[in-house]
Amino acid sequence: MHASLHRKFALFALAFAVTRLGNGAEVFIDPTFDVQVQEDVVFGAGDVGNPVSGEIPLAMDVFSPAEADFMKPAILLLYGGGFEERHLDQLRPLAEEFASRGWLAATGDYRILPDEPTAEPGPFGDPEDAFTRAMHAAFNDAAKGLAWLRENSTQLGIDPERIVMGGASSGAITSLFEGYRNNSVDAIVSFCGGMYGFDGLIDAGDPPVVLVHDEIDELVAFDLAQDVVARANGVGVPNSLLKYEGEGHCDFLLDATEAAETIAFVNQFLYDQLELASIGDFNGNGVRDVDDIDQLTRQAATKNHDSGFDINGDSLVDVLDIQAWVGDLENTWVGDSNLDGEFNSTDFISAFQAGKFETAEMSVWSEGDWTGDGVFESGDLVAAFQDGGFELGPRSAGQSVPEPMSLLMLAVSVIMLASTERQRRLRSLSR
Ligand SMILES: [Ca+2]
Ligand SMILES: [Ca+2]
Ligand SMILES: [Ca+2]
Ligand SMILES: [Ca+2]
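Analysis parameters
- Residues numbered from 1 in each chain as written.
- Chains lettered and ligands numbered in written order.
- Predicted model: local features only at pLDDT ≥ 70, side-chain atom pairs only at ≥ 80, totals over all residues.
- Helix = DSSP H or I, 4+ residues; strand = E, 2+ residues; numbered from the N terminus.
- Buried ≥ 20, exposed ≤ 12 C-beta atoms within 10 Å, placed from the backbone.
- Contact = placed C-beta atoms within 7 Å.
- Pairing = 2+ DSSP bridges.
- Axes fitted to C-alpha atoms, helices over the stretch in contact; angles between N-to-C directions.
- Parallel < 35°, antiparallel > 145°, perpendicular 65-115°, else oblique.
- Left-handed = near helix turned anticlockwise from the far one by under 90°.
- Nonpolar A, V, L, I, M, F, W, Y, C, P; charged D, E, K, R; others polar.
- Core = buried A, V, L, I, M, F, W, Y, C linked by C-beta atoms within 7 Å.
- Domains from an automatic or database assignment.
- pLDDT = per-residue confidence, 0-100.

## Concerning the overall build of the chain
Consideration 1: Across its full length, the chain carries 13 helices and eight strands.
Consideration 2: Within the span of the chain, comprising 431 residues, buried residues form 46% of the whole.
Consideration 3: Looking at the chain alone, contacts between residues at least 24 apart form 61% of all its contacts between residues at least 6 apart.

Okay, structure coming up:
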């Protein structure tokens, strides 16, 4: 780990470029969201000796998917710089990649050698040596970052049971040590990191780990990644290692193709280990489907507020959870009763076919209750109109085309007339 890392990591931004997909994009798999950032959020402080004796603030930049109201998995990302250099923006492109997929991603600071951190407890015993003090400070500051995310999980919209830590080089070493020292995370990501013989910190039941490493790495040897894997396998901790046959230290993050492969590999591992597919899949069949949204609308109508259905984490189960499920997780429109990704007359027909419009009969999503009050009435048509997706085709990210009210209301009135007429005929037939 040396100073040339500075220049290498500055190139990260070239390798990553968030491209957002439109139709058919899958939340947590594909880039689906616009990304918003809150910069310089102070999460703690640390004691230092330079430039003067005292505390320095520690801050993170917080990247999140715009207008995503579900409880998000979170990842704290720590830059690399040999515990000697501060590169606050180094992993920003990576954070943007995660946020565009539905994660809250934070790039956090930690004290480094030039700060002259004061002696603190750590895994390397009595820290007489300045570099050891810097490493201990880094580990402890990572812990502060995680604690801050956890304490503010409600406000940040984080699922406190899905918090990951990862980083590059010294950031990866910090993630591995802190993650396995305190088991303070739900998964660990290491880009060219290692544990230098401390792999015994990994015990059965500890968090899963995913690693990416160049085969020939003169700064953090590839063997160190293999040591982590061997220990994890020995104690049954889920793990996966992506090996690049190139030569270099984290070079895979500097090449556009390899960087894209890396994010896909790491993201898929975390998707599986954190069971992100289960979010909103109430019937547990592995996909979000009509049965799930029918269950959610039925639950909202009971007003039991069963936490298993609380998509947005506000301790209530109501129309906001339905909107988050439909609009944010499933990326479709209010009114899409058959959940085919579009809201058009077919949805009106299928909803009206249930024959419950303005009957006060118990209805679910597929039967026209798009608000979660248990009935299908004009309020549901208004909610669908307000969402604005009628006949717009699939919802693409950032779409904000207001549908003229006249067109929607014309369609509604025609369908309602047809429905009323049909019901009248059915009644007359049944007499
Ligand atoms: Ca399902
Ligand atoms: Ca809720
Ligand atoms: Ca539809
Ligand atoms: Ca309703």
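## A look at the environment of S278
Consideration 1: The residue S278 is located in the loop between helix 8 (256-273) and helix 9 (290-302) in this model.
Consideration 2: With 11 C-beta atoms packed within 10 Å, S278 lands in the exposed category.
Consideration 3: Placed 10 residues apart in sequence, S278 and R288 show a C-alpha to C-alpha distance of 8.3 Å.

## Considering the pairing of strand 2 (residues 54-65)
Consideration 1: Pairing geometry for strand 1 (residues 35-48) and strand 2, over 11 bridges, is antiparallel. Across the sheet, residue A45 finds its bridge partner in strand 2, namely P57.
Consideration 2: Note: strand 2 against strand 4 (residues 104-108), four bridges, orientation antiparallel. When the bridges of strand 4 are listed, V62 appears paired with A106.

## Section: helix 3 (residues 92-100)
Consideration 1: Most of helix 3 sits inside the fold, with eight of its nine residues counted as buried.
Consideration 2: Buried within helix 3 we find R92, L94, A95, E96, E97, F98, A99 and S100.
Consideration 3: Looking at the buried side of helix 3, the elements it contacts are strand 1, strand 2, strand 3 (72-78), strand 4 and helix 8.
Consideration 4: Just beyond helix 3, the residue with positive phi is G102, at close to 110 degrees.

## Remarks on the packing of helix 4 (residues 130-151) against helix 6 (residues 170-182)
Consideration 1: One way to put it is that helix 4 packs onto helix 6 with a least axis distance of 9 Å and a crossing angle of 70 degrees. As summarised for this structure, helix 4 and helix 6 are arranged roughly perpendicular, according to the angle between their axes. Along this stretch, helix 4 crosses helix 6, giving a crossing that reads as right-handed. Contacts between helix 4 and helix 6 involve A138, F139, A142 and A143 on the former and, on the latter, S170, T174, S175, F177, E178, R181 and N182.
Consideration 2: Split by residue class, the contact of helix 4 with helix 6 holds five nonpolar, four polar and two charged.

## Remarks on the pairing of strand 5 (residues 158-168)
Consideration 1: Of all 11 residues in strand 5, eight are buried; the element is thus mostly enclosed.
Consideration 2: Note: strand 5 against strand 6 (residues 187-191), five bridges, orientation parallel. Paired with G167 across the bridge in strand 6 is S190.

## Topic: the sheet that holds strand 4
Consideration 1: Read across the open sheet, the eight strands follow the order 1-2-4-3-5-6-7-8; overall the sheet is mixed. Each end of this open sheet is capped by a strand with a single partner; those strands are strand 1 and strand 8 (239-247). Taken pair by pair, the neighbouring strands of this sheet meet at an average axis angle of 20 degrees, ignoring direction.
Consideration 2: Helix 3 contacts strand 1, strand 2, strand 3 and strand 4 of the sheet and is inclined by roughly 40 degrees relative to strand 2.
Consideration 3: Across the sheet, helix 4 lies against strand 1, strand 2, strand 3, strand 4 and strand 5, angled at about 130 degrees from strand 1, the strand it touches most.

## Concerning unusual backbone geometry
Consideration 1: Here the residue pair N50 and P51 is connected by a cis peptide bond, since its omega of 5 degrees sits within 30 degrees of zero.
Consideration 2: With respect to the helices, strands and loops of the structure, P51 is situated in the loop between strand 1 and strand 2.
Consideration 3: Even without being glycine, C192 reaches a positive phi, approximately 50 degrees.
Consideration 4: The residue C192 is located in the loop between strand 6 and strand 7 (209-216) in this model.
Consideration 5: The buried category is assigned to C192, around which 31 C-beta atoms lie within 10 Å.
Consideration 6: The backbone of L339 shows a phi angle near 55 degrees, a positive value even though the residue is not glycine.
Consideration 7: Among the structural elements, L339 can be located in the loop between helix 10 (319-329) and helix 11 (345-353).

## So, the environment of H213
Consideration 1: Counting through the fold element by element, H213 comes out in strand 7.
Consideration 2: Sequence separation of H213 and G248 is 35 residues, and the distance between their C-alpha atoms is 9.0 Å.
Consideration 3: Aside from chain neighbours lying at most four places away, what touches H213 is C192, F222, A225, L241 and K243.

## A few points about the nonpolar core
Consideration 1: In this structure, L77, L104, A105, L149 and V164 are the most contacted members of the largest nonpolar core, which totals 100 residues.
Consideration 2: Tallying contributions element by element places helix 4 first for this core, with nine residues.
Consideration 3: Inspection of this core shows a minimum of three residues originating in each of domain 1 (3-278) and domain 2 (290-430).
Consideration 4: Of all hydrophobic cores here, the second largest spans five residues; its members include A351, F352, F357 and F376.

## Topic: the confidence of the model for the chain
Consideration 1: Overall, the prediction assigns the chain a mean pLDDT of 90, with 86% of residues at 70 or greater.
Consideration 2: Counted against residues more than four places away or in other chains, residues 1-14, with its pLDDT under 50, gives 24 contacts.
Consideration 3: Note that residues 17-22 has pLDDT below 50 and, in this model, 15 contacts with residues that lie over four places away or in other chains.

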